[in-house]
Amino acid sequence: MRAAAERQVETETTFDFPVRGMTCASCVGRVEKAIRAIEGVQAANANLATGRVSGVLAAGVENAVVADAVRAAGYEPVEMVTEAKVFGMTCASCVARVEKALGRIPGVLEARVNLATQRASVRHLGEVDLAYRLVEAVAKAGYEAEPVRGDGVQSDRERTAREAELADLRRAVLLAALATAPLLLFEMGAHLSGSLHRALMETLGEHTLTILSLLLASLVQFGPGLRFYAKGIPALLRGAPDMNSLVMLGTSAAYGFSVVALLAPGLLPTGTAYTYFEAGAVIVTLILVGRWFEARARGRTSDAIRRLLTLQAQTARIMRDGVETEVEVASVRPGDVVAVRPGERLPVDGILTDGSSYVDEAMVTGEPAPVRKREGDEVVGGTVNGTGSFRFRATKVGADTLLAQIVRTVEAAQGSKLPIQALVDQVTAWFVPAVMGTAAVTLAVWLAFGPSPALAFALANAVAVLIIACPCAMGLATPTSIMVGTGKAAELGILFRRGEALQALRDARVVALDKTGTLTKGRPELTDFDVLPGFDEETVLRLVASVEAKSEHPVATAIVAEAQRRRIALSMPADFEAVPGFGVRALVEGRRVEAGAERFMLQIGLDLGDFADSASHLGDEGKTPLYVAVDGALAALVAVADPLKETTPEAIAALRRLNLSVVMVTGDNRRTAEAVARRLGIDAVEAEVLPTDKADVVRRLQRGGSVRVAFVGDGINDAPALAQADVGLAIGTGTDIAVESADVVLMSGDLRNVANAVALSQATIRNIRQNLFWAFAYNAVLIPVAAGALYPAFGILMSPIFAGSAMAFSSVSVLLNALRLRAFAPVLQAAKAAAGPAAASIR
């Protein structure tokens, strides 16, 4: 009965998570009814007081199904993300096992593990104690885990752990190398030099040499090599062998066979009692050397995060009771007044209240030129003050600062899995067991059909198969490139909020750009002011600006700004009236003034023939013509335009050189929009589009999903279009990176970073494909060679020692290739340096 009860418990899972929106007993009833309608739900309870739902599920029913049912009922399950540092993972098989273990935890919706960052990110239905259950699940899988903290201590602990790992590997490599070197000399002496062999025999004797070889091999096998047993045996017993298991089996076979050949040769077939002490020791040494180099290179992939963290000031001078007091930056609170001296790094975000200076904001925007800051301007923690002094009021501190947001954004992107990783996950799920099966088949085939001594040949080739297989390279191929690529992007002022955007941007074929604020400055300026004979220009400008001062329209702002620039005093208008879609009218200084579009002038019965040619010419230049009438007579033609950003023409040209089709989306009239498009060389125009219709334009450009579209906008008015696009790029100002609808945030307003982002995504995906090609090709080619496939035709066999060195090299080569992305040059710089098409410097 007890056993049956235990089996029953094993087939059930529980759920317990918070739900938002339950306000009364009827809400509780609806939620419970929705959950109980799911097939396999054995119990369900909604608690209004705690705002939680709980229950029991039959085997195979996922928590996500319960969450979907709650949403369908009109309520919102609370989802959370918990992160943990995972220690002990060495290959892609380890990653797959940890993800599987985390996925079994009740309430977990998705688990992602990154080999390069050694982090696990778990999306789950809200549960306060999940961090502890996460650590427990990882421990049962054979690894160690520690919840990630958000107080800055975590990064110090990770750095300490990484340094300790490197020191441990360095000691292991040194000890293994010191023991292996004489072992190689003893075992290979006869092959290297006859005189050396004779000298060893005369001084030490054969018996002493063999005993020394046994001792040295044992020191390597159970000293530095003990780590492979510590991880490999538990994994093997769990039925989930990993890379440690392969190394452990291979080196143990070589070592064990050698011990038997030395101490009990009679147990082996005649002519097979050879020792392979040096093979096992060299394999352990080479793999440890590879892991040491791998750990060093893996540390370099996270340089971007470390450099960002070093930008944080350690102390701040705040005003307390009128006195400057230096405190730890963690002690600064919102509202504190912070004093900054020349050359200092700003400790937190805030608003300048006193003084002025130039501030280097390169770490935020990627722009090298310092920015002038005056009273009322926002300043960002981590940026560097110039030669002036000022004070500012702290608005965001600690985890709320822009720098902290940037670090979190980059870390999240680096921990992402690209769609291209799906193939790797599928392969690594069966890779190690398949390798062990291949080694067993190799052993059997050589024993049955191999030449004499068959056992020696069979053992050597089976060991070579176990050692040559390297899922490490497969597991590192994608995450290392993502880490380096997103880190490099952050240095350029490009934030990938999701790692998946790297692949989506690379696949884009159309780039759709909003016009106002993206291609242009977003601030209309008065460009032309022509008056008819009999009118004074300054007088007409004073009259029309006095009327427009009562309007909030951007065009009115441009006219008023021009009057202020000329220091023209304005008058107070009377009887002001705004006619939507037409213009404005008012009495100014006793004179009736009307200003507006062509249709407004025609409505009041004016002939515009005097300005017909001028208006047509202005329209062809992309300017918006407006008219001014004074006391019922046509007086002036005014042209207003939203000027292009200085970098826009260069950015559009770079996008076209990247073989992208460029489309402009704007609410402007078609004539003006097409004039701008002609000046810039834009391929197509979607004009007279309302903000609410921009998403429909993107949907149309996608052609039912057959064309990948990237949309570039300001991240606020363009939110629907940014969300609809395959990848949305928000033009930021360096003060708001949390544009929820965008996949990529361009910290500066420089449109050239769109081309840089596209080029970097292309370079990163190309780098990933290179890594995956070599990782798969390496195994596809060398495993058959290690099994002896070339021996019948060419007499070629692979030494287990060569297999060990090749395995170590494969992982290091993947990491070194990923690190090449650090040398990525912005695409526009490459275009200036070469006459050919713009391209990234990473091939």
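Quick caveat: nothing in here was measured; it's all calculated off a predicted structure. (Residues numbered from 1 in each chain as written. Predicted model: local features only at pLDDT ≥ 70, side-chain atom pairs only at ≥ 80, totals over all residues. Heavy atoms only, no water.)

K.L.:
Hey, could you run me through the overall build of the protein chain in this one?
P.N.:
Within the protein chain, the regular secondary structure consists of 31 helices and 30 strands. Sequence separation of 24 or more characterises 68% of the internal contacts of the protein chain that already satisfy a separation of 6 or more. For the protein chain, the exposed surface amounts to about 37,000 Å²; the carbon and sulfur share of it is 56%. (Helix = DSSP H or I, 4+ residues; strand = E, 2+ residues; numbered from the N terminus. Contact = heavy atoms within 4.5 Å. Areas by Shrake-Rupley, 256 points an atom, 1.4 Å probe, with all protein chains shown as cover.)

K.L.:
I tried to follow the packing of helix 4 (residues 92-103) against helix 5 (residues 130-140) on my own but got confused; where do I start?
P.N.:
For any two helices packed against each other, the geometry is given by the interaxial angle and the distance between the axes. In contact at an axis separation of 9 Å, helix 4 and helix 5 are set at 135° when each is read in the N-to-C sense. Relative to helix 5, the element helix 4 is oriented oblique. Crossing geometry of helix 4 relative to helix 5 is assigned as right-handed. Only Leu134, Ala137 and Val138 of helix 5 make contact with helix 4, whose side of the interface consists of Val98, Ala101 and Leu102. Each residue belonging to the contact of helix 4 with helix 5 can be placed in one class, and the counts come to 6 nonpolar, no polar and no charged. (Axes fitted to C-alpha atoms, helices over the stretch in contact; angles between N-to-C directions. Parallel < 35°, antiparallel > 145°, perpendicular 65-115°, else oblique. Left-handed = near helix turned anticlockwise from the far one by under 90°. Nonpolar A, V, L, I, M, F, W, Y, C, P; charged D, E, K, R; others polar.)

K.L.:
Just checking my understanding: could you explain the pattern of salt bridges for this structure?
P.N.:
If charged atoms from side chains of opposite charge come close, those side chains can pair. Summed over the entire model, instances satisfying the criterion amount to 27 salt bridges. In this structure, Glu324 engages Arg317 in a salt bridge whose closest nitrogen and oxygen atoms are separated by 3.5 Å. A relative accessible area of 11% places Arg317 in the buried class. With its nearest N and O atoms 3.1 Å apart, the salt bridge here joins Glu594 to Arg592. Here Glu594 falls in the buried class, since its relative accessible area comes to 3%. With relative accessibility at 38%, the residue Arg592 sits in the partly exposed group. When salt bridges with common partners are traced through the structure, they connect Arg317, Glu324, Arg341 and Glu344 into a single cluster. (Salt bridge = Lys/Arg side-chain N within 4 Å of Asp/Glu carboxyl O. Buried < 20%, exposed > 50% of the residue type's maximum accessible area, 1.4 Å probe, protein only.)

K.L.:
Explanation requested: the UniProt feature "transmembrane region" (unreviewed entry) in the protein chain in the structure shown.
P.N.:
The residues that UniProt annotates with the feature "transmembrane region" (unreviewed entry) are residues 172-192, 204-226, 246-268, 274-293, 427-449, 455-478, 772-791 and 797-819. The distance separating the terminal C-alpha atoms of residues 204-226 is 29 Å; by composition the span is 78% helix and 0% strand. (UniProt positions renumbered as here; feature names shortened; annotations may be inferred.)

K.L.:
What's the story with a nonpolar patch on the surface in this structure? I'm lost.
P.N.:
Where nonpolar side chains cluster on the molecular surface, the patch consists of Val441, Val445 and Phe449 and spans about 330 Å² of accessible area. In this structure, Val441 sits in helix 15 (residues 421-449). (Patch = residues over 30% accessible without salt bridge, like charges linked within 9 Å, V, L, I, M, F, W, Y side chains within 5 Å.)

K.L.:
Help me out: how do you make sense of the sheet that holds strand 15 (residues 378-379) in this one?
P.N.:
Sheet strands pair by backbone hydrogen bonding; their relative direction is either parallel or antiparallel. What the 6 strands build is an open sheet, ordered 10-9-11-17-12-15; its pairing is antiparallel. Bordering the open sheet on either side are strand 10 (323-328) and strand 15, each of which pairs with just one other strand. Here 2 bridges tie strand 9 (residues 315-320) to strand 11 (residues 337-340), and the two strands are oriented antiparallel to one another. In the sheet register, Ile318 faces strand 11, and the bridge partner there is Val338. (Pairing = 2+ DSSP bridges.)

K.L.:
How should I be thinking about unusual backbone geometry in this particular structure?
P.N.:
What you tend to see is this: most non-glycine residues have negative phi, and most peptide bonds are trans. Along the chain, Ser452 connects to Pro453 via a cis peptide bond; the corresponding omega equals -5°. Tracing the backbone shows Pro453 in the loop between helix 15 and helix 16 (454-468).

K.L.:
Would you mind showing me how to read the sheet that holds strand 22 (residues 583-588) here?
P.N.:
Across the sheet, 6 strands lie side by side as 20-25-24-23-22-21; this open sheet has antiparallel pairing. Edge positions in the sheet fall to strand 20 (525-531) and strand 21 (574-579), since each of these pairs with one other strand and no more. Strand-to-strand, the axes of this sheet are offset by a mean angle of 15°, without reference to chain direction. In this structure, strand 23 (residues 591-596) lies alongside strand 24 (residues 624-630), joined through 4 bridges in antiparallel fashion. When the bridges of strand 24 are listed, Ala595 appears paired with Val628.

K.L.:
What should I look at first to understand the packing of aromatic side chains in this one?
P.N.:
Each pair of aromatic rings is reported with the distance of its centres and the angle of its planes. Under the criterion given, the structure shown has 9 aromatic pairs. Measuring from ring centre to ring centre gives 5.7 Å for Trp446 and Phe457, while their planes differ by 15°; the resulting arrangement is stacked. Of this pair, Trp446 sits in helix 15 while Phe457 is found in helix 16, placing the two residues 11 residues apart along the sequence. For Trp446, a relative accessible area of 7% puts it in the buried group. (Phe/Tyr/Trp six-rings, centres within 6.5 Å; stacked < 30°, edge-to-face > 60°.)

K.L.:
Even after reading the chapter, I still don't get the pairing of strand 7 (residues 119-125), so can you show me in this structure?
P.N.:
Consecutive side chains of a regular strand alternate in pointing toward one face of the sheet and then the other. The buried fraction of strand 7 is high, at 5 of 7 residues. Summarising the sheet, strand 5 (residues 79-87) and strand 7 pair through 7 bridges and their orientation is antiparallel. From the neighbouring strand, Glu79 faces strand 7, where its bridge partner is Leu125. Pairing of strand 6 (residues 108-114) with strand 7, which is carried by 6 bridges, proceeds in the antiparallel orientation. Paired with Val108 across the two strands is His124, which belongs to strand 7.

K.L.:
What's the story with the pairing of strand 11 in this structure? I'm lost.
P.N.:
Sheet analysis places strand 11 next to strand 17 (residues 390-396), joined by 4 bridges and oriented antiparallel. Paired with Val337 across the strands is Arg393, a residue of strand 17.

K.L.:
Can you walk me through helix 18 (residues 500-507) in this structure?
P.N.:
Residues three or four positions apart in an α-helix share a direction because the helix packs 3.6 residues into each turn. A large share of helix 18 lies buried, amounting to 6 of its 8 residues. Three or more residues of helix 18 are buried, namely Glu500, Ala501, Leu502, Gln503, Ala504 and Leu505.

K.L.:
Explain the nonpolar core here, please?
P.N.:
Side chains that are nonpolar tend, in soluble globular proteins, to be buried together. Ranked by internal contacts, the top residues of the largest apolar core, which has 100 residues, are Met89, Leu102, Leu519, Leu729 and Leu751. Top element by residues in this core is helix 28 (residues 752-787). It accounts for 17 residues. (Core = buried A, V, L, I, M, F, W, Y, C linked by side-chain atoms within 4.5 Å.)

K.L.:
Would you explain the environment of Gly256 in this entry?
P.N.:
Residue position: Gly256 is located in helix 10 (residues 243-263). Expressed as a C-alpha distance, the spacing of Gly256 and Gly280, which sit 24 residues apart in the sequence, is 9.7 Å.

K.L.:
Help me out: how do you make sense of the packing of helix 16 against helix 28 in this one?
P.N.:
Between helix 16 and helix 28, whose axes approach to 8 Å, the crossing angle comes to 165°. Taken together, helix 16 and helix 28 sit at an angle that is classed as roughly antiparallel. Crossing geometry of helix 16 relative to helix 28 is assigned as right-handed. Across the interface between the two elements, Asn461, Ala464, Val465 and Ile468 of helix 16 pack against Tyr778, Asn779, Leu782, Ile783, Ala786 and Ala787 of helix 28.

K.L.:
I'm lost on helix 26 (residues 694-702) in this one. Help?
P.N.:
Those residues of helix 26 lying buried are Lys694, Ala695, Val697, Val698, Leu701 and Gln702. Summarising the axial view, the buried residues of helix 26 lie within an arc of 155°, below the 170-degree limit, and thus occupy one face. Contact partners of the buried residues in helix 26: strand 19 (510-514), strand 26 (661-665), strand 27 (684-686), strand 28 (709-713) and helix 27 (719-724). (Arc of directions from axis to C-beta.)

K.L.:
Looking at this structure, I do not really get the side chain of Lys645. What am I missing?
P.N.:
Along the polypeptide, Lys645 turns up in the loop between strand 25 (633-641) and helix 24 (648-657). Those residues in contact with Lys645 that sit more than four places away from it in its chain are Gly517, Thr518, Leu519, Thr520, Lys521, Ile731 and Gly749.

K.L.:
Help me understand the confidence of the model for the protein chain in this model?
P.N.:
Within the protein chain, residue pLDDT values average 79, and 83% of them lie at 70 or more. Residue range residues 1-10 is modelled with pLDDT below 50. Its contacts to residues more than four positions away, or to other chains, number 1 contact. Below a pLDDT of 50 lies the segment residues 829-843, which in the model reaches 26 contacts outside its immediate sequence neighbourhood of four places, other chains included. (pLDDT = per-residue confidence, 0-100.)

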